[in-house]
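Reading the structure
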Amino acid sequence: MTAPFSARIQRGTPRNLARLARLLRAGELVAVPTETVYGLAANALDARACRKIFTAKGRPASDPLIVHIHSLAQLAEVAEPNAAARRLAEKFWPGALTLVLPKKTCVPGTVSAGLPSVAVRMPSHPLFRRLLKLAGIPLAAPSANPFGYVSPTSAAHVRAGLGRKIRHILDGGPCTIGLESTIVDLRHPRAPRLLRPGAVTQAQLERVLGIPVRPASKSAAKPAAAQLAPGLLARHYSPRTPVTLHQKISSAAARRSPADEAWVFLAKPRALMGKNIFWFDTHGRLPGVARRLFHVLRLLDGKKFARLHVELALGEGLATAINDRLRRAAAK
Ligand code: TXA
Ligand code: MG
């Protein structure tokens, strides 16, 4: 038995970035900030390095990783882009959009979970971009949390979940978007599929592509995982405390509630206060709700409530992504 690690949170000084880039090239793991959620990164072209990601997270080998790139030149090194991919990349990269494309052979099967495709994203977080450039290699990175738990949106969240499994955490401040990237399957460019909703919305994708983008069925979204453990992934992003979702929370219901059940509103409720009353965003604005969603779920999970009552977002677009995460958090 080796002693557990004790992760160090490191600022993005030029010296630290140069050292972390060296460590990544040498096959080490580094937790990195992105604009969506923190990721746990390794050299995407090194199967041994990427296997460490699965071990640290307790992630099943059937769940493929996203490959992060710095430039469009790197896209063509790891995947076979088509015209639709180039259009979306031009419009939304760097940013919160991941494209699934046929993979090049240099990407090990460990990264793609044995699939012939690879998921690729060019992130916009300035520190991660600098690290990608210094490292000079594509970096595979899933969210930096133990498998199935709520995704991390700060360096402290990463340390709380993986602090004894990894050594290096690059601190880039709180994530500005707060939800994982939108994933689009573009293997068949005339039949694009939305595998995961995110901050880049279905309507935005359709406007750029000029054709409908249909949501994928669950089995199509996670082919390998679905074969191995059907239904496993319906529950994800989950706090340990049971979650009940509400289309709208009435102040009266919250007021009548037992004190050991928490009530989380989208916006700060008027004329209602208590140790079990919470909200995501003062004004209930969706970008604010998305940014604070995982933080609030983690915070309340640490408070030993018997149940979390959470209000769903209204509308489409970012609301669809927020409600997708909430439904998975609440799934049994
Ligand atoms: O915003 C994000 O996407 C963050 C940051 C770190 O970039 N990453 C992230 O990775 O959320 P995560 O833990 O969700 O895992 C990647 C997911 C897989 O679970 C799978 O759904 C999908 O990406 N994926 C990866 N490769 C795929 C492929 N070849 N085909 C279909 N889906 C794939
Ligand atoms: Mg994840």
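Residues numbered from 1 in each chain as written. Chains lettered and ligands numbered in written order. Predicted model: local features only at pLDDT ≥ 70, side-chain atom pairs only at ≥ 80, totals over all residues. Heavy atoms only, no water.

**Some remarks on the overall build of the chain**
Of regular secondary structure, the chain possesses 13 helices and 15 strands. Its C-alpha radius of gyration of 20 Å places the chain within 12% of the 20 Å reference for a compact globule of 332 residues. In the chain, which comprises 332 residues, the share counted as buried stands at 54%. Considering only residue pairs separated by 6 or more positions, the chain has 68% of its internal contacts joining residues 24 or more positions apart. Accessible surface, the chain as shown: approximately 15300 Å² in total, 55% of it carbon and sulfur. Within the chain, one finds 51 positive and 18 negative side-chain charges whose respective centroids are separated by 4 Å. (Helix = DSSP H or I, 4+ residues; strand = E, 2+ residues; numbered from the N terminus. Rg over C-alpha atoms; globule rule 2.2 N^0.38 Å. Buried < 20%, exposed > 50% of the residue type's maximum accessible area, 1.4 Å probe, protein only. Contact = heavy atoms within 4.5 Å. Areas by Shrake-Rupley, 256 points an atom, 1.4 Å probe, with all protein chains shown as cover. Lys, Arg positive; Asp, Glu negative; His and termini not counted. Charge placed at Lys NZ, Arg CZ, Asp CG, Glu CD.)

**A short note on the pattern of salt bridges**
One pass over the structure, following the stated rule, counts 8 salt bridges. By sharing partners, the salt bridges in this structure join Glu 180, Asp 324, Arg 325 and Arg 328 into a single network. (Salt bridge = Lys/Arg side-chain N within 4 Å of Asp/Glu carboxyl O.)

**Structural notes on the nonpolar core**
Core analysis: the biggest nonpolar cluster contains 47 residues, and Leu 40, Trp 93, Leu 97, Ile 166 and Leu 205 have the highest contact counts within it. Elements with a minimum of two residues in this core: β3 (39-43), α2 (47-57), α3 (72-78), α4 (83-92), β5 (97-102), β6 (117-121), α7 (155-162) and α8 (202-209). What Trp 93 contacts, discounting residues up to four positions off in sequence, is Ile 69, Leu 72, Leu 75, Leu 88, Leu 99, Val 120, Arg 121 and Met 122. By size, the runner-up hydrophobic cluster in this structure holds 30 residues, among which are Tyr 237, Val 289, Ala 290 and Ala 329. (Core = buried A, V, L, I, M, F, W, Y, C linked by side-chain atoms within 4.5 Å.)

**Some points on the site of ligand 1**
If you check the shell around ligand 1, you find 25 residues, and the closest are Thr 36, Asp 63, His 68, Ser 181 and Arg 196. One of the side-chain N or O atoms of Thr 36 is found 2.6 Å from an oxygen atom in ligand 1. Within the contact set of ligand 1, an oxygen atom lies 3.1 Å away from a side-chain nitrogen or oxygen of Arg 121. Taken by itself ligand 1 offers 670 Å² of open surface, and the protein chains cover 96% of this. Mapped by element, the contributors of at least two residues to the shell around ligand 1 are β4 (66-68), β6 and β10 (193-196). Counting residues per element, the shell around ligand 1 draws most heavily on β6, which supplies 4 residues. When the residues that make up the shell around ligand 1 are grouped by side-chain class, the tally is 13 nonpolar, 6 polar and 6 charged. (Near = heavy atom within 4 Å. Polar contact = N/O pair within 3.5 Å; in protein donor to acceptor, adjacent residues only side chain to side chain. Nonpolar A, V, L, I, M, F, W, Y, C, P; charged D, E, K, R; others polar.)

**A look at the packing of aromatic side chains**
A complete count under the given rule lists 1 aromatic pair for this structure. Between Phe 278 and Phe 305 the ring centres are 6.0 Å apart and the planes differ by 80°, which places this aromatic pair in the edge-to-face class. With a gap of 27 residues between them, Phe 278 in strand β14 (residues 277-279) and Phe 305 in the loop between α12 (286-301) and β15 (307-311) connect regions that are remote in the sequence. Residue Phe 305 is classed as buried on the basis of its relative accessible area, which comes to 12%. (Phe/Tyr/Trp six-rings, centres within 6.5 Å; stacked < 30°, edge-to-face > 60°.)

**Structural notes on the packing of helix α1 (residues 14-25) against helix α6 (residues 126-135)**
Across the interface, α1 lies against α6 with an axial gap of 9 Å and an inter-helix angle of 55°. Here α6 runs oblique to α1, going by the angle between their axes. The way α1 lies across α6 gives a crossing that is right-handed. For the pair α1 and α6, the contacting residues are Leu 17, Ala 18, Leu 20, Ala 21, Leu 24 and Arg 25 in the first and Leu 127, Arg 130, Leu 131, Leu 134 and Ala 135 in the second. When the residues that make up the contact of α1 with α6 are grouped by side-chain class, the tally is 9 nonpolar, no polar and 2 charged. (Axes fitted to C-alpha atoms, helices over the stretch in contact; angles between N-to-C directions. Parallel < 35°, antiparallel > 145°, perpendicular 65-115°, else oblique. Left-handed = near helix turned anticlockwise from the far one by under 90°.)

**Considerations on the domain arrangement of the chain**
Segmentation of the chain into domains returns domain 1 (8-209) and domain 2 (243-330). Listed as interface residues are 20 residues of domain 1 and, on the opposing side, 14 residues of domain 2. Between domain 1 and domain 2, roughly 1400 Å² of surface is buried when both sides are summed, and carbon and sulfur atoms account for 58% of that area. At the boundary of domain 1 with domain 2, the tally comes to 1 salt bridge. Residue Arg 325 is joined to Glu 180 by a salt bridge in which the shortest nitrogen-to-oxygen separation is 2.7 Å. There are 8 residue pairs in polar contact (both at pLDDT 80 or more) connecting domain 1 and domain 2. A breakdown of the residues in the side of domain 1 that touches domain 2 according to their chemical character gives 9 nonpolar, 9 polar and 2 charged. (Domains from an automatic or database assignment. Buried area = accessible area lost by both parts, 1.4 Å probe.)

**What about α12?**
Think of an α-helix as turning once every 3.6 residues; residues three or four places apart then point the same way. An ideal rise of 1.5 Å per residue puts 22 Å on 16 residues; α12 measures up with 22 Å between its terminal C-alpha atoms. At Arg 292, α12 shows its strongest bend, of approximately 45°. Turning to α12, its buried residues number three or more, namely Gly 288, Val 289, Ala 290, Leu 293, Phe 294, Val 296, Leu 297, Arg 298, Leu 300 and Asp 301. The elements touched by buried residues of α12 are α7, β13 (261-265), β14, β15 and α13 (318-330). (Expected span 1.5 Å × (residues − 1). Bend = angle between axes of the 7 residues up to and from the residue.)

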